[in-house]
Amino acid sequence: MSTNYVVLLFMLLLTGMVFDANAQTITGNVSDSTGPLGGATVVEQGTTNGTQTDFDGNFTITVSDANATLVISYIGYNSQTIALNGNTNISVVLTENTETLDEVVVLGYGQTQNKRLVTTAVATVKAAQIRELPISQAEAALQGTVPGVVVQQNSGSPGSPQTVRVRGIGTLNNSNPLYIVDGIQVPNLGFLNPNDIVSQTVLKDAASTAIYGSRGGNGVILVETLKGSKRAMKPEITIRTSYGIQSLANKPDLMNRDQYVQYYNEGVAAAGTPAAGFRGAFTDAERALLPDTDWYDVLFNDAPVENYYGSIVGGSDKIAYSASGGYFGQEGILGGEGKAEFKRRNIRASLSADITDRISFSASAQYQNQDRFVIPQNTGAAGVGISSFINALPAIYQPFDEDGNFANPFLNNGVPTANGVPLNSLGAVQNPLFSIAATNNQITQDATNLNVSLDYDVLDDLTLRGWYGSFHNSIFNRTFTPLIQQPTQEYDTSTGVSYSEVKSTAENRQWGGTAKYSFDELADTNHNLSALVGYELVKTNFFGGDLINDTGAFFTNDFGRVNFALSDNITDATVTPGVTIQRFLESFFGKVDYNFKEKYLLSAVLRRDKSSSFGSDNRVGWFPAVSAGWVISEEDFLSNSGAIDLLKLRAGWGISGNDQSLGPFDYLAQLTTQAGYAGQPGIAQISLANPALGWEELTQFNVGLDINAFSNKLGITVDYYIKETSDILLAATTPLTSGLNPASENTGTIENKGFEILLTYRENYDNGFGWNVGANLGFNDNEVTSLGETSFINSAQIQPQFNDFASRSSVGNSVASFYGFVVEGRDANGNLIFADLDGSGNNQLVPDSGDKAIIGDPNPDATVGFNLGLNYKGFDLSAFMSGTIGNDILDATIRYDALGTNRPASYVTEPGAPRNVVVSTAGNGENLISDFHIKDGSYLKLKNVTLGYNLPESVLETLGMKGLRLFVSGQNLFVITEYPGIDPEIGQNNVNTSLNIGIDQGFFPQPRQILLGASINF
């Protein structure tokens, strides 16, 4: 070996030793104004030496010397250059770059990733967007903001739950998405205060949801909540408050007094002889004496809504904390205080701390209490269909008699009168004021959520995480029918007085751990590789308490005071035993992410689930997924483009599942203890076992394109997907001769295909003016492709108006399509003529079952959302609209089954109304479910307009504040629609089934709200 080579080798070794001697390990945290930033890039300036922050924004990096300079960057934020100057621990707060539209997304199990590198279909709604929507429930923040996600409020009743569907209805069973809050599974988001939410991320395709395996088939919604930052900071206090008034936004156009009298008299003339018990035509003198009651004005009132929230966040170099609390109260515009009312109280706290340089601990806890008072709605059932009665009662009936009693529109032993004018007794319709007085329903919930985790950085590249989480919800239901006695109006509930209670609890407990290894040694070769493996155990319990019902009298009529101790005879009480349900899920999962030069991207997932809910032959399932991306803008031919900042093509395929579609023991044979043998009690089998029973599988292919252009001012995201659900759990076609109930089996498929597009653009000017606009559109085509041996599944039985099923799921059609007769026109007398679809030659005025067909689809062809924002110096203005296209509504608000009831005003103001049957027992066809009742449910609603003003810094300094924003906001200000009903935004009538949708039987409308509010920061 030559002397030169020896000298060179010695110098290289010496250089390495000097470097090692000067090398310094730096730790730190990166955050923004709302909390930690996971996935931020930390690079030693002038080198390729770098790392990324973890989920909590922490990082560790070894630099060449203690005086090195770090560059911290995060897509969507302004980069910072930090000179260490001997510091070994730093905290960095990045500010958002309003000129960019990129973001970092949460992918589950503590993973975060720059959206530039994401290869799956995900969408995120951040805290700033949520705060612009003064909403009472967290799910509402997704309405119209995420393409492919349909969110509908099941009712305008205070506290009503939301129906959320991600890329269509995937099953005839439970189609709800999986909700994960800070890593822990919860049944819904109703227990959260929206002010505590930092972000909501929707995982839409199987490549992103497969890591949740058998639970992710209907989509996954990941929620991150408020946390502190590990940095030296003074406590930051935030107070938000608003108060507003709600009012009825719209009324259907029903007949007033004069129109009804005209219609009634024409009906009497057409019938010749009115139906038995019905009077003849009204005279002009009688008409003048009759009241002109607007039942909507009588029943609906302005009602308050209020919201109060406070939080404090803080931290040091080693500790971060947050605490918050809030109250939300809303009275219903129908029913009001103690009848239709919602109150929610929340307290929440989080703490994270560095135990050592490599071990950190995090914990969060929340308690929520809510009271909800509910009145029956969207039902035509006698005695409880309050909203239905409002539509059915003609204007000539009065709310009260001269003594202040509820005026009864139906008298057995007399004739209703109004100002001395005799009226008809309407047997199918009740005075809604009496129904409200006789109805008391209260639901009290106490929910707790706990989450603890421990992170251990075993090596610079290897992190272990373990966690435990629990969600516990205690539900207490009370109902009471009080004593009401008004003899002159024949109101006497003495034989119907009852009080009932039932307590139930639902809990979810989770244990798990992950190990994540980043192959940082490959970074110098432009290969970036990381792997995650994990284990999870989920245990869910439902304890349904005993239902206790006492039908005797009580010593009080006050719902707030009544209990079993005030019963005059507790022996009247009956007890219906409750049920206990347990489920277990044990899982192993792994994920690999790879990219080359952040240009060619690849991700793969595999999960193994073992569930107690399924048969011994099919208890274990495997859920794979793979996705890839190509960042075309990094290629040489686009890298210097002045217009294109990001152009990425991505595609993914995967399988996920649905395990919430059946009871926990449906794979077992069922027995009954109610069997009898020769007069003696016994046990008998009532259904067969199915050891092959398994979960539903959802296979999905997705291809997408992401574009950012013009200095990231323009953003475009486009996705196309095909999602197929197979092995849907349905009742088997068990022969009737077996004497057994059908067992559950895996059969049937549903396909959803769709196209989604999201457009955003923003512009800011040097004079302080800025604006942004966004639009999204999601198309979805839903089709049942197989039901196995089952021909169809009927659903949504409507009583008493039609006494028939309104919906049918059948091959070749959408889930829960409307099913009924087809109207060809009207005969000379105005009777509906129905198409003879089966060619049987039957009387077309009286069709048979063979003439039924699919007549409408409650599922929208597309959902749309628009948002606009303007800001100038301290002022800001935002507007948000959402809507649906192509969905139908079955209008069942008119009581066609009852004589003498009200009708739409169009029956007398417009030509072509069906034959007048107001006093005739001879039907005209309106009492059948047909496309006569199918209405276009498309709408575009102005959901929110907010005008705000931020006080200038000079004023804030005087007041000792960091920020003060005042705002006025309007909700549900107007709607564009062809639907003649009170509100076209109709959700799911029964929260436990996907098949009763788009049916209006007297819907509780969403109110118009005008709010005044303030947000204060200290």
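See above for the structure.
Keep in mind the model is a prediction, meaning the values are calculated, not measured.

Moving on: the overall build of the chain. When helices and strands are counted, the chain shows 11 helices and 57 strands. A compact globule built from 1018 residues would reach a C-alpha radius of gyration of about 31 Å, and the chain, at 32 Å, matches this within 12%. Seen through its principal axes, the chain has C-alpha atoms that stretch 125 × 75 × 65 Å. The buried share of the chain, reckoned over its 1018 residues, is 54%. At a minimum sequence separation of 6, the contacts of the chain that also span at least 24 residues come to 70%. As displayed, the chain offers around 41,800 Å² of accessible surface, 56% of which is attributable to carbon and sulfur atoms. Within the chain, one finds 59 positive and 103 negative side-chain charges whose respective centroids are separated by 4 Å.

Let us now look at the pattern of salt bridges. Pairs can form between side chains of opposite charge once their charged atoms are near each other. Summed over the entire model, instances satisfying the criterion amount to 32 salt bridges. Linking E985 and K941 is a salt bridge whose minimum nitrogen-to-oxygen distance equals 2.9 Å. Within this pair, whereas E985 is found in the loop between β55 (963-977) and β56 (999-1000), its partner K941 is found in strand β54 (residues 939-950), the two being separated by 44 residues in sequence. The pair E985 / K941 is uniform in exposure class, with both members buried. Overlapping salt bridges bring together D182, E224, K227 and R348 as one network.

This paragraph deals with empty space enclosed by the protein. The probe, sized like a water molecule, is rolled over the atoms to show the empty space still left. Within this structure, the stated rule accounts for six cavities of 30 Å³ or more. Roughly 350 Å³ of volume is contained in the second largest cavity. Along the walls of the second largest cavity sit 29 residues, with V150, Q152, R165, N859 and P860 positioned nearest its centre. Broken down by secondary-structure element, the contributors of at least two residues to the lining of the second largest cavity are β11 (149-153), β12 (162-166), β43 (769-786), β50 (862-872) and β52 (888-891). The residue inventory of the lining of the second largest cavity, partitioned by class, reads 13 nonpolar, 12 polar and four charged.

Another point: the sheet that holds strand β53 (residues 934-936). Within the open sheet, the three strands sit side by side as β53-β52-β56. Their pairing is mixed. Each end of this open sheet is capped by a strand with a single partner; those strands are β53 and β56. Pairing between β52 and β56: two bridges, direction parallel. Within β56, the position partnered with L890 by the bridge is I999.

Moving on: the side chain of S453. Position of S453 among the secondary structure elements: in strand β24 (residues 440-457). Setting aside its immediate chain neighbours within four residues, S453 contacts S360, F361, S362, G466 and W467.

This part is about the environment of L973. Position of L973 among the secondary structure elements: in strand β55. When near neighbours in sequence (up to four residues on either side) are disregarded, L973 contacts L942, V945, R1008, Q1009 and I1010.

The strand order β10-β15-β16-β13-β14 describes an open sheet built from five strands, whose pairing is mixed. In this open sheet, the two edge strands, each paired with only one partner strand, are β10 (122-126) and β14 (184-186). The sheet shows a mean angle of 25° between the axes of neighbouring strands, taken without regard to direction. Pairing analysis gives four bridges linking strand β13 (residues 178-181) to strand β16 (residues 220-225), with the strands arranged parallel. Bridged to Y179 within β16 is I221.

Right, let's get into the pairing of β24. With 15 bridges connecting them, strand β21 (residues 359-373) and β24 associate as antiparallel partners. Looking at β24, one finds that I359 is bridged to Y456. As paired elements, β24 and strand β25 (residues 462-481) share 18 bridges and run antiparallel to each other. Within the sheet, the bridge partner assigned to Q445 lies in β25 and is I475.

This part is about the nonpolar core. Counting 63 residues, the largest nonpolar core has Y264, F282, L290, L299, F300, L334 and I396 as the members making the most contacts within it. Taken together, the elements giving at least two residues each to this core come down to α4 (257-271), α6 (295-299), α7 (386-392), α8 (432-437), β44 (792-798), β46 (817-821) and β48 (832-834). Here this core takes five residues from α4, the largest share from any one element. Apart from the residues lying within four places of it in its own chain, the contact partners of Y264 are F278, R279, G280, A281, F282, N424, V918 and V919. Within the second largest apolar cluster, 27 residues are counted, among which are L142, V146, V186 and V223.

A few words now on the packing of aromatic side chains. Ring pairs (aromatic) are described by centroid distance and by the angle formed between their planes. For the structure on display, the rule yields 29 aromatic pairs. Judged by centre distance (3.9 Å) and plane angle (10°), the ring pair of F434 and Y491 falls under stacked. Separated by 57 residues along the polypeptide, F434 in helix α8 and Y491 in strand β27 (residues 491-492) bring together distant segments of the chain. The exposure class of F434 is buried, given its relative accessible area of 9%. Seen from their ring centres, Y761 and W771 are 5.4 Å apart, and the 40° between their planes marks the pair as tilted. Of this pair, Y761 sits in strand β42 (residues 749-764) while W771 sits in strand β43; the two residues are 10 residues apart in sequence, bridging distant segments of the chain.

The hairpin formed by β24 and β25 contains four residues between the paired strands. Across 20 bridges, β25 lies against strand β28 (residues 498-518) in antiparallel orientation. What sits directly across from T463, in β28, is K516.

Peptide bonds are trans in most cases, and residues, glycine excluded, mostly fall at negative phi. If you check the backbone angles, N85 has positive phi at about 50° while not being a glycine. Tracing the sequence through the fold places N85 in the loop between β6 (80-83) and β7 (89-93). Although it is not a glycine, N712 sits at a positive phi angle of roughly 65°. According to the relative accessible area criterion, N712 is buried, its value standing at 14%.

Now for the environment of I833. Secondary-structure assignment places I833 in strand β48. Residue I833 is classed as partly exposed on the basis of its relative accessible area of 22%. Separated by 423 residues in the primary sequence, I833 and F410 place their C-alpha atoms 33 Å from one another.

The rules behind these values
Numbers given to residues run from 1 along each chain, matching the order in which its sequence is written. This being a predicted model, a pLDDT of at least 70 is required before a residue's local features are given, and a value of 80 or more before pairs of side-chain atoms are given or counted; all residues contribute to the totals for chains, interfaces and linings. Hydrogen atoms and water are omitted, and side-chain values are computed over all heavy atoms in the structure. In this text, helices come from DSSP runs of H or I with a minimum length of four residues, and strands from runs of E with a minimum of two, each type numbered from the N-terminal end. It is over C-alpha atoms that the radius of gyration is taken, and the globule rule equals 2.2 Å times the number of residues to the power 0.38. Per-residue accessibility, obtained with a 1.4 Å probe over protein chains only, is compared with the maximum for each type, and a residue is labelled buried under 20%, exposed over 50%, and partly exposed between these values. Any two residues whose heavy atoms approach within 4.5 Å at even a single point are treated as in contact. The accessible surface values rely on the Shrake-Rupley method and a 1.4 Å probe; as for residues, cover is taken only from the protein chains in view. For the purpose of charge, His is not counted, nor are the chain termini; Lys and Arg are scored as positive and Asp and Glu as negative. The atoms used to mark charge sites are NZ of Lys, CZ of Arg, CG of Asp and CD of Glu. Salt bridge, as used here: a side-chain nitrogen of Lys or Arg that lies within 4 Å of a carboxyl oxygen of Asp or Glu. We place a 1 Å grid over just the protein atoms. Points where a 1.4 Å probe fits but has no way out form a cavity, open points with protein on both sides within 12 Å along at least 5 of 7 lines form a pocket, and any residue with an atom within 4 Å of a point lines it. Grid points are joined across faces, edges and corners, and a volume is the space filled by probe spheres set on the points. The nonpolar class holds Ala, Val, Leu, Ile, Met, Phe, Trp, Tyr, Cys and Pro. Asp, Glu, Lys and Arg form the charged class, and all remaining residues, Gly among them, are polar. The criterion for strand pairing is that DSSP finds at least two bridges linking the strands in question. The convention used is that axes are lines fitted to C-alpha atoms, helices contributing only their stretch in contact, and that angles between N-to-C directions extend from 0 to 180 degrees. Put simply, buried Ala, Val, Leu, Ile, Met, Phe, Trp, Tyr and Cys residues joined by side-chain atoms within 4.5 Å make one nonpolar core. Stacked, edge-to-face and tilted are the three classes for Phe, Tyr and Trp ring pairs, Trp counted by its six-membered ring, which pair at centre distances within 6.5 Å; planes under 30 degrees apart are stacked, over 60 edge-to-face, the rest tilted.

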